[in-house]
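# Breakdown of the fold
Here's the letter readout for the chains.
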Amino acid sequence: QVQLVESGGGLVQAGGSLRLSCAASRRTFNSAVMGWFRQAPGKEREYVAAISQSGNITPYADSVKGRFTISRDNAKNTVYLQMNSLKPEDTAVYYCAGGLSFISYTDKGRYPYWGQGTQVTVSS
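The following refers to the structure shown. (Residues numbered from 1 in each chain as written. Predicted model: local features only at pLDDT ≥ 70, side-chain atom pairs only at ≥ 80, totals over all residues. Heavy atoms only, no water.)

## Quick look at unusual backbone geometry
Even without a glycine there, the phi angle at N77 is positive, about 50 degrees. Here N77 is to be found in the loop between β6 (68–73) and β7 (78–83). The exposure class assigned to N77 is buried, which follows from its relative accessible area of 19%. (Helix = DSSP H or I, 4+ residues; strand = E, 2+ residues; numbered from the N terminus. Buried < 20%, exposed > 50% of the residue type's maximum accessible area, 1.4 Å probe, protein only.)

## Focus on the environment of V12
With respect to the helices and strands, V12 occurs in strand β2 (residues 10–13). Judged by its relative accessible area of 13%, V12 falls in the buried class. Expressed as a C-alpha distance, the spacing of V12 and L86, which sit 74 residues apart in the sequence, is 8.0 Å. Beyond its immediate chain neighbours, meaning those up to four positions away, V12 contacts S17, L18, L86, T121, V122 and S123. (Contact = heavy atoms within 4.5 Å.)

## Section: the state of the cysteines
Joining two cysteines, a disulfide is a covalent bond between their sulfur atoms. Scanning the entire structure with this criterion turns up 1 disulfide. Each sulfur in the disulfide pair C22 and C96 lies 2.1 Å from the other. On the sign convention where negative is left-handed, the bridge of C22 and C96, at about -80 degrees about the S-S bond, is left-handed. Of this pair, C22 sits in strand β3 (residues 18–24) while C96 sits in strand β8 (residues 92–99); the two residues are 74 residues apart in sequence, bridging distant segments of the chain. Its relative accessible area of 0% is what places C22 among the buried residues. (Disulfide = S-S within 2.5 Å.)

## A word on the sheet that holds β7
The antiparallel open sheet is built from 4 strands, whose spatial order is β1-β3-β7-β6. On the outer flanks of this sheet lie β1 (4–7) and β6, each paired with one strand and no other. Each strand of the sheet is rotated relative to its neighbour by a mean of 15 degrees, with strand direction disregarded. In this structure, β6 lies alongside β7, joined through 6 bridges in antiparallel fashion. Of the residues in β7, the one forming a bridge with F68 is M83. (Pairing = 2+ DSSP bridges. Axes fitted to C-alpha atoms, helices over the stretch in contact; angles between N-to-C directions.)

## A closer look at the packing of aromatic side chains
Inspection of the entire model under this criterion finds 6 aromatic pairs. Plain terms: the ring middles of F37 and Y111 are 4.9 Å apart, the flat faces sit at 80 degrees to each other, and that makes the pair edge-to-face. Taken together, the positions of F37 in strand β4 (residues 33–39) and Y111 in the loop between β8 and β9 (113–114) put the pair 74 residues apart, joining distant regions of the chain. Residue F37 is classed as buried on the basis of its relative accessible area, which comes to 0%. What makes Y111 buried here is its relative accessible area of 3%. Ring geometry for Y95 against W114: centres 6.5 Å apart, planes inclined by 75 degrees, an arrangement best described as edge-to-face. Here Y95, found in strand β8, pairs with W114, found in strand β9; they are 19 residues apart in sequence, far enough to count as distant. Note on Y95: relative accessible area 12%, which makes it buried. We classify W114 as partly exposed; its relative accessible area is 25%. Among the aromatic residues, those joined into a cluster by ring pairs are F37, Y47, Y95, Y105, Y111 and W114. Residue placement shows R45 over the ring face of Y95; its charged tip is 3.6 Å from the ring centre. (Phe/Tyr/Trp six-rings, centres within 6.5 Å; stacked < 30°, edge-to-face > 60°. Lys NZ or Arg CZ within 6 Å of the ring centre and 35° of its normal.)

This is the structure we're talking about:
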């Protein structure tokens with residue numbers, strides 16, 4: 001059974017922090033790569049961060065590097081995204097996804113498993 005459930009979104013002022021969680025079924029969590037993507041109103045869904053089954057972290061999107069950190073807890077089948085120094089342009093629905101290829105970590109088409117998303121709103 002494929003299950004990906006995001007949580008932790010909300011409303012925060014610029015400069016604040018949020019920690020997103022993605023609870024996955026065991027088999028989905030065993031995907032080659034787990035990633036975070038986001039989609040702002042009127043925009044395409046874009047890559048944010050990803051981490052392999054062995055814990056290797058891919059390059060972060062330029063827009064979030066130095067501010068966001070991805071991690072995983074294998075005992076809990078959970079992936080996290082710590083978001084610090086949030087900006088209004090970070091406002092989006094954030095999605096957790098399970099992917100087929102660590103090499104193709106930025107390619108939405110290589111992620112067959114997706115959660116429903118969690119809303120993050122950053123006010124100025």
